[in-house]
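Working through the structure, step by step
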Amino acid sequence: MASGVSHADSGAPRGLPAGSVSADGKFFTPGPNTVVKRNAGEDTPGTLSAEALATVNPGPAGTAASYQLKNARRIGQSCGTDLLSQTSGFGKTTLVLTVEKAVAATYTKEIGIEVKAISAGMGWSVTNTYTVKNETRYEVPAGKWGSVQAYPLYDLYQGDVYNLFGPDTGKDAYGYKPVGVCFNSWNQ
């Protein structure tokens, strides 16, 4: 078994190609050293109940409550840059990293729609936390120092924002739901 330290920190993964980290620094496109693993089974905690969906009522025209999210759809996946855990060791050895962490969902919006309307339109809460859970093994060659880092995997959803009292806004809202783990591994 590898000796090493396992801890959480923050920062972008090592060895990513130029341009793979988003402009805001919150997400990255997996590189050649990244293994993407979704949670086993369906992650249903945080899905909105019919009652919660029904409580989103339109407000007065011109307010944030006068907007509704429609046509929500999954448009891809991305890895987050918040480091969940890591381990390192000198080879020849097998590094094993098991992750089970609560990760907060997040959202962005192009217009002042209420957060509860975004959640209702997505069909899941964009403010809940979701557990990501998975494991990886990484073979470190003899004489090399190896490392494995774990980052959250998000499904990316996009929805259209509609004004209930006027024309379509032409604006979007996005939800990022934690659904697994991105493991970044390398040796030197």
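**Some details on the overall build of the protein chain**
A count of helices and strands for the protein chain gives two helices and nine strands. Taken from N to C terminus, the helices and strands of the protein chain fall in the order β-β-α-β-β-β-β-α-β-β-β. Out of the 188 residues in the protein chain, the part that is buried amounts to 42%. Summarising the internal contacts of the protein chain: among those between residues at least 6 apart in sequence, 82% fall at separations of at least 24. For the protein chain, the computed accessible surface area is about 9,500 Å², with 50% contributed by carbon and sulfur atoms.

**Observations concerning the nonpolar core**
Val-99, Ala-150 and Phe-183 are the most contacted members of the largest nonpolar core, which totals 17 residues. Those elements that place two or more of their residues in this core are strand E5 (93-104), strand E7 (129-140), strand E8 (145-163) and strand E9 (168-187). Beyond its immediate stretch of four places on either side in the chain, Val-99 contacts Leu-84, Ser-85, Val-132, Lys-133, Asn-134, Ala-150, Val-181 and Phe-183. Membership of the second largest hydrophobic core comes to 13 residues, among which are Ala-117, Ile-118, Tyr-157 and Ala-173.

**Some thoughts on the pattern of salt bridges**
One pass over the structure, following the stated rule, counts five salt bridges. Its salt-bridge partner being Asp-155, residue Arg-74 comes within 3.0 Å of it at the nearest N-O pair. Of this pair, Arg-74 sits in strand E3 (residues 67-80) while Asp-155 is found in strand E8, placing the two residues 81 residues apart along the sequence. According to the relative accessible area criterion, Arg-74 is partly exposed, its value standing at 43%. Within the structure, one salt-bridge network assembled from shared partners comprises Arg-38, Arg-74 and Asp-155.

**Section: the pairing of E7**
The alternating pattern of E7 places Tyr-130, Val-132, Asn-134, Thr-136, Tyr-138 and Val-140 on a buried face and Thr-129, Thr-131, Lys-133, Glu-135, Arg-137 and Glu-139 on a face that is not buried. Two strands pair when backbone bridges link them, and E5 and E7 are joined in this way by 12 bridges, in the antiparallel orientation. Across the sheet, the residue bridging to Glu-100 is Lys-133, located in E7.

**Describing the pairing of E8**
Counting buried positions along E8 yields 16 of 19 residues, so the element is predominantly enclosed. Pairing geometry for E3 and E8, over 10 bridges, is antiparallel. Among the inter-strand pairings, Tyr-67 is bridged to a residue of E8, identified as Asn-163. Taking the residues between adjacent antiparallel strands as the criterion, E8 and E9 are bridged by four residues.

Basis of the calculations
- Residues numbered from 1 in each chain as written.
- Predicted model: local features only at pLDDT ≥ 70, side-chain atom pairs only at ≥ 80, totals over all residues.
- Heavy atoms only, no water.
- Helix = DSSP H or I, 4+ residues; strand = E, 2+ residues; numbered from the N terminus.
- Buried < 20%, exposed > 50% of the residue type's maximum accessible area, 1.4 Å probe, protein only.
- Contact = heavy atoms within 4.5 Å.
- Areas by Shrake-Rupley, 256 points an atom, 1.4 Å probe, with all protein chains shown as cover.
- Core = buried A, V, L, I, M, F, W, Y, C linked by side-chain atoms within 4.5 Å.
- Salt bridge = Lys/Arg side-chain N within 4 Å of Asp/Glu carboxyl O.
- Pairing = 2+ DSSP bridges.

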